[in-house]
Amino acid sequence: DESCACFSLCHPEEVRSFFIRLPIVTSAASPWYEYLRAVYHTPSVPLPFDLRTLGAFYLPLHAEQFGQVSIPWGGTRCNRTTGRSTARRCAASVCRAWLNLSEAREAQAREWER
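Just so it is clear, the model here is predicted, and its values are computed rather than measured.

S.K.: Could you give an account of the state of the cysteines, with specific residues and numbers?
M.R.: Simply put, disulfide is the name for a covalent bond between the sulfur atoms of two cysteines. A complete count under the given rule lists three disulfides for this structure. Here C4 engages in a disulfide with C90; their sulfurs sit 2.0 Å apart. Disulfide C4-C90: torsion about the S-S bond near 95°, hence right-handed. Taken together, the positions of C4 in strand 1 (residues 4–5) and C90 in the loop between strand 4 (88–89) and helix 3 (92–95) put the pair 86 residues apart, joining distant regions of the chain.

S.K.: Describe the packing of aromatic side chains, with residues and values.
M.R.: Under the defined criterion, the tally for this structure stands at six aromatic pairs. Taking 5.5 Å as the distance between ring centres and 75° as the angle between the ring planes, the aromatic pair formed by F18 and F19 counts as edge-to-face. Judged by its relative accessible area of 1%, F18 is buried. F19 gets classed as partly exposed once you look at its relative accessible area, which sits at 25%. On the numbers, 6.3 Å between centres and 45° between planes, the contact of F18 with W32 is tilted. Within this pair, whereas F18 is found in helix 1 (residues 12–20), its partner W32 is found in helix 2 (residues 31–40), the two being separated by 14 residues in sequence. As far as burial versus exposure is concerned, F18 and W32 are alike and both buried. Feature note: the residues F7, F18, F19, W32, Y35 and W98 constitute an aromatic cluster, connected by ring pairs.

Reading the values: rules and limits
Residues numbered from 1 in each chain as written. Predicted model: local features only at pLDDT ≥ 70, side-chain atom pairs only at ≥ 80, totals over all residues. Heavy atoms only, no water. Disulfide = S-S within 2.5 Å. Helix = DSSP H or I, 4+ residues; strand = E, 2+ residues; numbered from the N terminus. Phe/Tyr/Trp six-rings, centres within 6.5 Å; stacked < 30°, edge-to-face > 60°. Buried < 20%, exposed > 50% of the residue type's maximum accessible area, 1.4 Å probe, protein only.

Now the structure itself:
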């Protein structure tokens, strides 16, 4: 669902949460593989690719910029008062394709969020 978000970059805490949960891309079946191909304008990406090694992310305001890659992120839907995303959360099944939601990573995220 393109109107939902698995992550947001509106608020510094949301950015931190996003980076903590970034996966290691291990196959071309990952949606991040197509993202990397589009951003770096390359026919292939060396695998495995640890997304947490990247210092910045280019996320389009319109998914069409990456052809068939529809990225479930909050875009510019940020609350002006709280600075937090106002986007509806996607189902966990959607987010698992984009983020490492393993219990080990979630435990690490909880530690960072303290």
